[in-house]
Amino acid sequence: MPRTPSNSKAGLLLSLGGSAVAVVRTMKQMRRARGTQDKLTTLNTAAGLLPLITSALLVLRRLRGRSRRKAR
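The present account deals with the structure reproduced in this document.

Criteria and thresholds
- Residues numbered from 1 in each chain as written.
- Predicted model: local features only at pLDDT ≥ 70, side-chain atom pairs only at ≥ 80, totals over all residues.
- Heavy atoms only, no water.
- Helix = DSSP H or I, 4+ residues; strand = E, 2+ residues; numbered from the N terminus.
- Expected span 1.5 Å × (residues − 1).
- Contact = heavy atoms within 4.5 Å.
- Core = buried A, V, L, I, M, F, W, Y, C linked by side-chain atoms within 4.5 Å.
- Buried < 20%, exposed > 50% of the residue type's maximum accessible area, 1.4 Å probe, protein only.
- Patch = residues over 30% accessible without salt bridge, like charges linked within 9 Å, V, L, I, M, F, W, Y side chains within 5 Å.
- Areas by Shrake-Rupley, 256 points an atom, 1.4 Å probe, with all protein chains shown as cover.
- Salt bridge = Lys/Arg side-chain N within 4 Å of Asp/Glu carboxyl O.

Helical geometry note: an α-helix holds 3.6 residues per turn, so side chains three or four residues apart project in the same direction. Between its terminal C-alpha atoms helix α1 (residues 9-35) stretches 39 Å, which fits the 39 Å expected from 27 residues at 1.5 Å a residue. Phi turns positive, to about 60 degrees, at Gln37, one or two residues after α1.

So, in structure tokens, the structure goes:
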């Protein structure tokens, strides 16, 4: 039976940190690809960056929702 994702603040912050590290690593790969003038690798890296950014934004939205619920 699959587990539901944890909504703990520590878990969400850990997820956000992992996404941030992945974005930084991907940006380094993109700089390297642009340096070699390889357009296909650059596009591939940019396409891989989009889901990482999306997941980081989703985690931020969850964290913001948690803080709004606590303020009420």
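As for its position among the elements, Thr42 is in helix α2 (residues 39-71). Discounting chain neighbours no more than four positions away, the residues touching Thr42 are Met30, Ala33 and Arg34.

Further remarks concern the nonpolar core. Across soluble globular proteins, nonpolar side chains have a tendency to be buried as a group. Judged by nonpolar contacts, Leu12, Leu16, Ala56, Val59 and Leu63 together constitute the single largest core of five residues. For this core, the secondary structure elements donating two or more residues are α1 and α2. No other element matches the three residues that α2 contributes to this core.

Following the sequence through the fold, Thr26 ends up in helix α1. Of the residues examined, Thr26 reaches a relative accessible area of 10% and is grouped as buried. Setting aside residues no more than four positions away along its own chain, Thr26 makes contact with Thr45, Leu49 and Leu52.

Secondary-structure assignment places Val59 in helix α2. The class for Val59 is buried, based on a relative accessible area of 8%. Sequence separation of Val59 and Gly11 is 48 residues, and the distance between their C-alpha atoms is 9.9 Å.

The next thing to look at is the environment of Ser8. As for its placement among the helices and strands, Ser8 is situated in the segment before α1. Once the C-alpha coordinates of Ser8 and Leu63 are considered, the two residues, 55 residues apart in sequence, prove to be 9.3 Å apart.

Looking at the element boundaries, Arg25 is found in helix α1. Classification of Arg25 by relative accessible area gives exposed; the value is 51%. The spatial distance from the C-alpha of Arg25 to the C-alpha of Leu49 is 9.7 Å, given a sequence separation of 24 residues.

For the rest of this paragraph, the subject is a nonpolar patch on the surface. Nonpolar side chains collect at one region of the surface, where Ile53, Leu57 and Leu60 lie side by side and expose about 250 Å² of accessible area between them. The topology assignment puts Leu57 in helix α2. The exposure class assigned to Leu57 is exposed, which follows from its relative accessible area of 52%.

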